[in-house]
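As a plain string of letters, each chain reads:
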Amino acid sequence: MNIDNAKSQMRKGMLEYCVLLLLRRRSSYASDIIQRLKEADLLVVEGTLYPLLSRLKNDGLLAYEWQESTQGPPRKYYMLTADGERFLSELDAAWGEIANTVNILKG
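Residues numbered from 1 in each chain as written. Predicted model: local features only at pLDDT ≥ 70, side-chain atom pairs only at ≥ 80, totals over all residues. Heavy atoms only, no water.

Enquirer: Just to check I follow, could you spell out the layout of surface pockets for this structure?
Expert: The probe, sized like a water molecule, is rolled over the atoms to show the empty space still left. Considered as a void within the structure, the largest pocket measures approximately 300 Å³ in volume. Elements with a minimum of two residues in the lining of the largest pocket: α1 (3–25) and α4 (82–106). Ranked by residue count, the leading element in the lining of the largest pocket is α4, at six residues. Partitioned by chemical class, the residues of the lining of the largest pocket number nine nonpolar, one polar and one charged. Roughly 170 Å³ of volume is contained in the second largest pocket. Ser8, Arg11, Lys12, Leu15, Leu42, Leu43, Val44, Val45 and Thr48 are the residues that line the second largest pocket. The leading source of residues in the lining of the second largest pocket is α1, at four residues. Counted by class, the lining of the second largest pocket contains five nonpolar, two polar and two charged residues. (1 Å grid on protein atoms, 1.4 Å probe; cavity = no way out; pocket = protein on both sides within 12 Å on 5 of 7 lines; lining within 4 Å. Points joined across faces, edges and corners; volume = space filled by probe spheres on them. Helix = DSSP H or I, 4+ residues; strand = E, 2+ residues; numbered from the N terminus. Nonpolar A, V, L, I, M, F, W, Y, C, P; charged D, E, K, R; others polar.)

The following block contains the structure:
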């Protein structure tokens, strides 16, 4: 069994939740999201993040707005929609259930 593959699969399963958690606090642009995930030891590349952000926007969970940047072209800042807030609340509950199950089994 390859532990790196197992860890990778676990991270993929958590990525959507982690991105929504970051956007709960404040709107962010993609490079900032990648940096904040990296600081939390969740390494993500742009090729993974952009399709996820696009899907979450298409699902109505995120919106974005363009903001001027002092360093180059305008940036697309993502934020949670009302549906995104509700979905994140449901994910919070699901995460609590999963963490509880794992803690019981680790016992």
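That shown, we press on.
Enquirer: I tried to follow the pairing of strand β3 (residues 75–80) on my own but got confused; where do I start?
Expert: Side chains on a regular strand alternate between the two faces of the sheet. Summarising the sheet, strand β1 (residues 28–29) and β3 pair through two bridges and their orientation is antiparallel. Directly across from Ser28, in β3, lies its bridge partner Tyr78. (Pairing = 2+ DSSP bridges.)

Enquirer: Whenever I open this one, the sheet that holds strand β2 (residues 62–67) confuses me. Can you help?
Expert: Hydrogen bonds between backbone groups are what pair the strands of a sheet, and the pairing can be parallel or antiparallel. The strand order β1-β3-β2 describes an open sheet built from three strands, whose pairing is antiparallel. The open sheet has two edge strands with one neighbour each: β1 and β2.

Enquirer: Help me understand the side chain of Arg36 in this model?
Expert: Topologically, Arg36 is positioned in helix α2 (residues 30–39). Look past the residues within four positions of Arg36 in its chain and what remains in contact with it is Leu22, Arg25, Arg26 and Ser28. (Contact = heavy atoms within 4.5 Å.)

Enquirer: Mind showing me how you'd approach the pattern of salt bridges here?
Expert: Close approach of charged atoms allows side chains with opposite charge to pair. Summed over all chains, the structure comprises six salt bridges. With a shortest N-O distance of 2.5 Å, Glu16 and Arg55 are connected by a salt bridge. Of this pair, Glu16 sits in helix α1 while Arg55 sits in helix α3 (residues 46–58), and the two are 39 residues apart along the sequence. In this structure, the salt-bridge partner of Asp32 is Arg36, at a minimum N-O distance of 3.7 Å. Here Asp32 pairs with Arg36, and both are found in helix α2, just four residues apart, close to one helical turn. Both residues of the pair, Asp32 and Arg36, count as buried. Residues joined in a network through salt bridges with shared partners are Glu16, Arg55 and Asp59. (Salt bridge = Lys/Arg side-chain N within 4 Å of Asp/Glu carboxyl O. Buried < 20%, exposed > 50% of the residue type's maximum accessible area, 1.4 Å probe, protein only.)

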